[in-house]
Number of protein chains: 2
Amino acid sequence: MSREVLSTKKQFIFEEAAKLFRDKGYLATSMRELATKVGLEPSSLYSHIKSKEEILQKICLDNAEKFIEGIEAIDQEKQSPVEKIEALIGLHIKIATEDLTSVTVFNDEWRHLGEASLKEFLSLRRSYESRFRKIIETGIETKAFRAIDSNVALFSILTSLRWIHYWYKPGRKLDVTTLQTQIIDLLLHGLKKD
Amino acid sequence: MSREVLSTKKQFIFEEAAKLFRDKGYLATSMRELATKVGLEPSSLYSHIKSKEEILQKICLDNAEKFIEGIEAIDQEKQSPVEKIEALIGLHIKIATEDLTSVTVFNDEWRHLGEASLKEFLSLRRSYESRFRKIIETGIETKAFRAIDSNVALFSILTSLRWIHYWYKPGRKLDVTTLQTQIIDLLLHGLKKD
DNA sequence: GTCTATACGATGATAGAC
DNA sequence: GTCTATCATCGTATAGAC
């Protein structure tokens, strides 16, 4: 519902803003700069948006929703924990490579959300982490996974999936499928060859 | 050499600044706020420091140096790639848990460095990554490691070591040694039990 | 070294003409 | 919807008295 389609001009403003937020950070981006990129005077932006923060809110909450919807779909499948983790890694890679810009902002700038939307964001994040953690714990209980601390596993996996948006560029030597195979291999089997 | 000992008051300013930078980000931290924390009027800060950026510079470059010194010490030992990777994981955990605040700022705020110090910082980082990558590549060549893309391995490991500063709090249930064992186990052997 | 006072630019956002 | 003009506020930093 909140991920509505935007009129073309409004969408263009959001896209240019996301690029600026990604490159310089939310706080370091000024509305004057954004206006220049869009080809408007600063004040004209406010015919399309309510405030600077509205842009950040949409970016952060839309991405949070994508992850939540993704994990819900994966979790209701009748699959083993190993398969679910593989699917989750795939989900992160898919979201990151489909819209590199917005996921970078989502990852790095959420803390500048205002009080109300920050609260909502953190609640969504906690819910995502908690579902992810449960999948890991099930894997440990069924002896599919090593008996590792579930938080160590959770955060190691989550953050090791976060470098993708720093590193991946369309047209890199490694294509998305290979990248995915390699990351799954590394996280599931480790660096060391037995 | 640049990691000099500071007079107590100056040091106090740096410590309070680091806490603010960690909690709110560099740009969102004002000198007025810092002055309040330190118990001075804003202008009085400038009897101790040259500029706001000087603080960020010291934090970022000191930590960069710690990592460089650490990897140099590890790399000149006559050890196997596996042992070196274990030692590197230990280095990251040691630095992160010894001074959680400054390593967080180092990790998250370096991009707000000015032109000159940013250049220096990036050069140090590239040098660190390149030494790390060489260790991984040696491990792959000697068949100690899986034949994975060395960049995928490098960044997965590096970033999976970056969550520690988000998560670790002195007095957490997991002590540092256990944490280290678990992370080494996960990165070297993977999540899956064979 | 600390203070008061202040310079001076940049910020997000609004009012109102067209 | 876009503009010009502008507001109020806050940013880092400096000058100069004590």
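Throughout this document, residue positions are counted from 1 along each chain, in the order its sequence is written. Following the order in which they are written, the chains are lettered starting with A and the ligands numbered starting with 1. Reporting of local features is limited, given that this is a predicted model, to residues whose pLDDT is at least 70; pairs of side-chain atoms are given and counted only at 80 or more, and all residues count toward the totals for whole chains, interfaces and linings. Heavy atoms from the whole structure form the basis of all side-chain values; hydrogens and water molecules are not counted.

Enquirer: Teacher, can you tell me more about the interface of chain B and chain A here?
Expert: Taken residue by residue, the interface counts 44 residues in chain B and 43 residues in chain A. Summed over both partners, the accessible surface that disappears when two parts come together, traced with a 1.4 Å probe, is what is meant by buried area. Taking both sides of the interface into account, the surface hidden between chain B and chain A amounts to around 4,100 Å²; carbon and sulfur atoms contribute 60%. For this analysis, a salt bridge means a side-chain nitrogen from Lys or Arg found within 4 Å of a carboxyl oxygen belonging to Asp or Glu. Applying the counting criterion to the chain B and chain A interface returns two salt bridges. Residue E109 of chain A pairs with R111 of chain B through a salt bridge whose shortest N-O separation is 2.8 Å. For the purposes of these results, a polar contact is taken to be a pair of N or O atoms within 3.5 Å, where, inside protein, one atom must be able to donate a hydrogen and its partner to accept one; residues adjacent in sequence count only when each atom of the pair is a side-chain atom. For the interface between chain B and chain A, the tally reads 25 residue pairs in polar contact (both at pLDDT 80 or more). Starting at the N terminus, helices and strands are each numbered in turn, a helix being any DSSP run of H or I of at least four residues and a strand any DSSP run of E of at least two. Elements with a minimum of two residues in the side of chain B that touches chain A: α1 (8-24), α4 (81-98), α5 (100-109), α7 (150-160), α8 (164-167) and α9 (176-189) of chain B. Among the residues forming the side of chain B that touches chain A, the class breakdown is 22 nonpolar, nine polar and 13 charged. Residue contacts follow a heavy-atom distance rule, with two residues in contact if any of their heavy atoms lie within 4.5 Å. Classification convention: Asp, Glu, Lys, Arg as charged; Ala, Val, Leu, Ile, Met, Phe, Trp, Tyr, Cys, Pro as nonpolar; all other residues, Gly among them, as polar.

Enquirer: For this particular structure, what's the right way to read the protein's contact with DNA strand D?
Expert: With respect to spatial proximity, 15 residues lie near DNA strand D, and among them E41, S43, S47 and H48 of chain A together with R32 of chain B are the closest. Residues are labelled near a given molecule or strand when at least one of their non-hydrogen atoms is within 4 Å of it. Within 4 Å of the protein, the contacting atoms of DNA strand D are drawn from sugar and phosphate to the extent of 48%. Take S44 of chain A: an N or O atom from its side chain is 2.9 Å from a phosphate oxygen of DNA strand D. For DNA strand D, a phosphate oxygen lies 2.5 Å from a polar atom in the side chain of H48 of chain A.

Enquirer: Sorry, what's going on with the pattern of salt bridges here?
Expert: Once the charged atoms of two side chains with opposite charge are near each other, the side chains can pair. Under the defined criterion, the tally for this structure stands at 28 salt bridges over all chains. Taking the shortest distance from any N to any O, the salt bridge between R3 of chain A and E65 of chain A comes out at 3.6 Å. Residue R3 of chain A is found in the segment before α1 (8-24), and its partner E65 of chain A is found in helix α3 (residues 52-75); the two are separated by 62 residues along the sequence. Per-residue accessibility, obtained with a 1.4 Å probe over protein chains only, is compared with the maximum for each type, and a residue is labelled buried under 20%, exposed over 50%, and partly exposed between these values. On the basis of relative accessible area, R3 of chain A is assigned to the partly exposed category, the value being 35%. Taking the shortest distance from any N to any O, the salt bridge between E98 of chain B and K94 of chain B comes out at 3.3 Å. Of the two residues, E98 of chain B and K94 of chain B are both situated in helix α4; the distance of four residues between them amounts to about one turn of the helix. Counted as one network, the salt bridges with shared partners bring together E72, D75, K84 and R131 of chain A.

Enquirer: Hey, could you run me through the packing of aromatic side chains in this one?
Expert: The geometry of an aromatic ring pair is captured by the separation of the ring centres together with the interplanar angle, meaning the angle of the planes. All names here are of chain A. Aromatic pairs are defined between Phe, Tyr and Trp rings, using the six-membered ring for Trp, whenever the two ring centres lie within 6.5 Å; interplanar angles under 30 degrees are classed as stacked, those over 60 as edge-to-face, and all others as tilted. Per the counting criterion, the structure on display carries 16 aromatic pairs over all chains. When the ring of F106 is compared with that of F121, the centres are 5.7 Å apart and the planes differ by 65 degrees; the resulting orientation is edge-to-face. Taken as a pair, F106 in helix α5 (residues 100-109) and F121 in helix α6 (residues 115-141) lie far apart in primary sequence, 15 residues in all. With respect to class, F106 is no different from F121; both count as buried. Ring centres of W163 and W167 lie 5.2 Å apart, and the angle between their planes is 65 degrees; on these two criteria the pair is classed as edge-to-face.

Enquirer: Which parts of the structure should I look at to understand the packing of helix α4 (residues 81-98) of chain A against α6 of chain A?
Expert: Between two packed helices, what matters for the description is the angle formed by their axes and the separation of those axes. Residue and element names in this part refer to chain A. Interaxial distance between α4 and α6 falls to 9 Å at its minimum, and their mutual angle equals 145 degrees. As α4 runs across α6, the sense of the crossing is left-handed. Across from P81, K84, I85, L88, L91 and H92 in α4, the residues of α6 making contact are Y128, F132, I135, I136, T138 and G139. When its residues are assigned to classes, the contact of α4 with α6 shows eight nonpolar, three polar and one charged. All axes here are fitted lines through C-alpha atoms, helices being fitted over the stretch that makes contact, and every angle between N-to-C directions spans 0 to 180 degrees. Crossings are assigned a handedness: left-handed for a near helix turned anticlockwise from the far helix by less than a right angle, right-handed for a clockwise turn.

Enquirer: What am I meant to see in the protein's contact with DNA strand C here?
Expert: Around DNA strand C lies a shell of 15 residues, among which K9, E41, S43, S47 and H48 of chain B are the nearest. Of all DNA strand C atoms lying within 4 Å of any protein atom, the proportion belonging to sugar or phosphate reaches 48%. One of the backbone N or O atoms of T29 of chain A is found 3.2 Å from a phosphate oxygen in DNA strand C. S43 of chain B places a side-chain nitrogen or oxygen 2.7 Å from a base oxygen of DNA strand C. Looking at the surface near DNA strand C, its residues break down into three nonpolar, eight polar and four charged.

Enquirer: What is the right way to read α5 of chain B from this model?
Expert: In an α-helix there are 3.6 residues to a turn, and that puts residues three or four apart on one side. All names here are of chain B. Taking burial as the measure, the ten residues of α5 include nine buried ones, the bulk of the element. Every buried residue belonging to α5 is among L100, T101, S102, V103, T104, V105, F106, N107 and E109, and all of these are buried. Where the residues of α5 are buried, they touch α1, α3 (52-75), α4, α6 (115-141) and α8.

Enquirer: How do you make sense of the relation of the copies chain B and chain A when you look at a structure like this?
Expert: Think of it as a corkscrew move, a rotation about one axis and a shift along it, taking one chain copy to the other. Overlay of chain B on chain A (RMSD 0.1 Å): rotation 180 degrees, translation along the axis 0.1 Å. Those values place the two copies in the arrangement expected of a two-fold rotation axis. Residue G190 of chain B of chain B places its C-alpha closer to the rotation axis than any other residue of that unit, at 1.9 Å. Here the copies are superposed with least squares, the fitted atoms being C-alpha atoms of residues at a pLDDT of at least 70 in both.

Keep in mind these numbers describe shape, not what the thing actually does.
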